[in-house]
Amino acid sequence: MKKGQLKNSKFYFNFYLFAKLVFIIVSGFFCCNSFAQSTKLKQPNIVFLLVDDMGYGECGFNGGKEIKTPKIDQLAKDGAILENNYVQPVCSPTRACLLTGRYPTHTGVYGVIWPGAAWGLPLNERTLPEALKAAGYYTAITGKWHLGDFDKAYQPNARGFDYQYGHFFGNLDYFTHIRNNQLDWYRNGQTLKEVGYTTHLIAKEACKIIEMSNRSKPLFLYVPFNGIHSPYQVPDNYLKPYSNLTGDRQKLAGMLAAVDEAIGQIVAALDKAGLRENTLIVFSSDNGAPPPGNNTPLRDFKATVYEGGIRGAAFVNWPSHVAAGLRITEAMHTVDWYPTLIQLAGGSIKQTLPIDGKNVWPMITKKTTSPHDAILSVSTKGPMLAAIRMGNWKLIVLNTDSVTAKKKAYIKYEPIALFNLLEDAGETKNLAKQFPDRVLVMRKRLIEMLQDAVPSGAVGKNEAESE
């Protein structure tokens, strides 16, 4: 090769290397930028379905046979059922736990918040929708709030929700939306006169939000149904399949069938909008059922710290992310959804107030053990009656020196009761005398968990046991 040709060859070779380097850098930039965008777009949509006063044993996925819940059962079958999902004994505390990741002992929300009560979820609490909104989510609630209304600062639109629809309290008429002679139906905090059965309206609004959602933002949709809470009301056509039942039990069956239908509509809306594959659905009851509900095989009912009051029927469903057909037996508490959902969304859990909840996603998807060494439950009157679960053991302690403890509602409790839930889910055998050392260990841990308990936000105000 001649000298000139060699020089030209080196020039073209060097130019080729330079061009290739530029191509790699430019391609890498667009690739990384595209990856960053795709990562952002992969934030899951989150739909949280909360059913009011539904018993542990009502749905088919937990052994129920009396009421048909095909839509709910299919979701559960295609996801992971949470057999030991703990909630609080009544409505407001469970909602406070879910939205803050903190036990009632730290929020002061032990019991029901009544209409017009001059308190609510403390304003210094950071909420789940606030955290998800900061992570880029559009946040909406359709259904029951129940965390305070007396001041705008306590209402959903001021607590992180971009959009609010539904009612602020429970126990309203399902058709007129009237409670205590007052309309309890709102859109973005403004009273709304609207005709229709509340379960139908809540589902219709949820579907509308899904259909109109901005695809550039992930969606957090919180759907706390007032069904199947009393009053027991349902359109007549839902009663016909349950002619074998009578009274409130028949009405409850129809009400749950209506909720099941509503959930089917919400899932169909996600499918139609092309959002289903990237949507995490969480389903839970807010507390155990009162009579005539079914908490089989658990003991007792709503407003108690027995399993029938505080273990909520629950499951998670997310195609390709949560394996189908799982039954998770490890224990968790509703406070766990706060850090779990925020971290799944790519948000931050750094905050001023400490979080009681733990990230349970590895427990659900990788079959790890529960991240808790102990799970706390407290009564509607606070720590004077409390329970702790450690492994398969549960200890209930009643402070008999408390004036409240002497009331009729607490006569059913022994001062100290220890149960092996693996062998005795119905809490029929008090083993405290047989295992005094275990009682000592668990009681010490319970005292530790209660040592910084705050007083109820309803101190000096009118607070009820349940609603």
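Residues numbered from 1 in each chain as written. Predicted model: local features only at pLDDT ≥ 70, side-chain atom pairs only at ≥ 80, totals over all residues. Heavy atoms only, no water.

(A) Broad picture of the packing of aromatic side chains. For the structure shown, the criterion picks out 17 aromatic pairs. When the ring of Phe61 is compared with that of Phe283, the centres are 6.1 Å apart and the planes differ by 85°; the resulting orientation is edge-to-face. Of this pair, Phe61 sits in the loop between β1 (45-51) and α2 (70-77) while Phe283 sits in strand β10 (residues 279-285), placing them 222 residues apart in sequence. An aromatic cluster is present here, built from Phe48, Trp145, Phe161, Phe220, Tyr222 and Trp337 joined pairwise through their rings. Lying over the aromatic face of Tyr306, Arg299 brings its terminal NZ or CZ to 3.9 Å of the ring centre. Looking at Arg311, its charged tip hangs above the ring of Tyr56, at a distance of 5.7 Å from the centre. (Phe/Tyr/Trp six-rings, centres within 6.5 Å; stacked < 30°, edge-to-face > 60°. Helix = DSSP H or I, 4+ residues; strand = E, 2+ residues; numbered from the N terminus. Lys NZ or Arg CZ within 6 Å of the ring centre and 35° of its normal.)

(B) Quick look at the layout of surface pockets. Approximately 370 Å³ is the volume attributed to the largest pocket. What lines the largest pocket is a set of 23 residues, among which Asn84, Thr329, Glu330, Arg389 and Asn392 lie closest to the centre. Where the lining of the largest pocket is concerned, the elements lending two or more residues are β2 (80-86), β12 (326-333) and β14 (382-390). By residue number, the principal contributor to the lining of the largest pocket is β12, which donates 4 residues. Its residues assigned to classes, the lining of the largest pocket comprises 10 nonpolar, 7 polar and 6 charged. (1 Å grid on protein atoms, 1.4 Å probe; cavity = no way out; pocket = protein on both sides within 12 Å on 5 of 7 lines; lining within 4 Å. Points joined across faces, edges and corners; volume = space filled by probe spheres on them. Nonpolar A, V, L, I, M, F, W, Y, C, P; charged D, E, K, R; others polar.)

(C) How the structure looks around the environment of Asp162. Looking at the element boundaries, Asp162 is found in the loop between β3 (138-144) and β4 (163-167). Sequence-wise, Asp162 and Tyr138 are 24 residues apart; in three dimensions their C-alpha atoms are separated by 6.6 Å. A polar contact of 2.9 Å, which involves the side chain of Asp162, links it to the side chain of Lys133. (Polar contact = N/O pair within 3.5 Å; in protein donor to acceptor, adjacent residues only side chain to side chain.)

(D) View of helix α11 (residues 436-450). Between its first and last C-alpha atoms α11 spans 21 Å; for 15 residues at 1.5 Å apiece the expected length is 21 Å, and the two agree. Every buried residue belonging to α11 is among Val439, Met442, Leu446, Met449 and Leu450, and all of these are buried. Buried residues along α11 cover an arc of 90° about the axis, so they all sit on one side. Facing away from the buried surface of α11 by more than 90 degrees, the exposed residues are Asp437, Leu440, Val441, Lys444 and Ile447. Buried residues along α11 sit in contact with α4 (104-107), β13 (375-379), β14, β15 (393-398) and β16 (416-420). (Expected span 1.5 Å × (residues − 1). Buried < 20%, exposed > 50% of the residue type's maximum accessible area, 1.4 Å probe, protein only. Arc of directions from axis to C-beta. Contact = heavy atoms within 4.5 Å.)

(E) Main features of the packing of helix α6 (residues 198-212) against helix α7 (residues 247-272). Interhelical geometry of α6 versus α7 gives an angle of 10° and a closest axis separation of 9 Å. By the angle between their directions, the pair α6 and α7 is classed as roughly parallel. Across from Thr199, His200, Ala203, Ala206, Cys207 and Ile210 in α6, the residues of α7 making contact are Ala258, Val259, Glu261, Ala262, Gln265, Ile266, Ala269 and Leu270. Among the residues making up the contact of α6 with α7, the classes are represented as 10 nonpolar, 3 polar and 1 charged. (Axes fitted to C-alpha atoms, helices over the stretch in contact; angles between N-to-C directions. Parallel < 35°, antiparallel > 145°, perpendicular 65-115°, else oblique.)

(F) Region of interest: α2. Of the positions making up α2, those classed as buried are Ile72, Asp73, Leu75 and Ala76. For α2, the angular spread of the buried residues around the axis is 160°, confining them to a single face. The outward face of α2, more than 90 degrees from its buried face, is lined by the exposed residues Pro70 and Lys77. Structurally, α2 contributes buried residues whose contacts are with β2, α7, β10 and β11 (314-317).

(G) Quick peek at the pattern of salt bridges. Summed over all chains, the structure comprises 17 salt bridges. The closest approach of N and O atoms between Lys133 and Asp162, which form a salt bridge, is 2.9 Å. Highlighted residues: Lys133 in helix α5 (residues 128-134) and Asp162 in the loop between β3 and β4, separated in sequence by 29 residues. For Asp162, a relative accessible area of 27% gives the class partly exposed. Asp373 is paired through a salt bridge with Arg445; the nearest N and O atoms lie 2.8 Å apart. Pair noted here: Asp373 is in the loop between α10 (361-365) and β13 and Arg445 is in helix α11, with a separation of 72 residues, a long-range link. Connected through shared salt-bridge partners, Asp52, Arg95, Lys144 and Asp286 make up one network. (Salt bridge = Lys/Arg side-chain N within 4 Å of Asp/Glu carboxyl O.)

(H) Here's a closer look at the pairing of β11. Residues Ala314 and Val316 of β11 are buried on one face, and the alternating residues Phe315 and Asn317, pointing to the opposite face, are buried as well. Bridging between β2 and β11 involves 2 bridges; their strand directions are antiparallel. Looking at the pairing, Ala80 lines up with Val316 of β11. Of the pairings in the sheet, the one linking β10 to β11 comprises 4 bridges and is antiparallel in character. Residue pairing for β11: Phe283 is matched across the bridge by Phe315. (Pairing = 2+ DSSP bridges.)

Any functional reading would require information beyond the geometric quantities listed.
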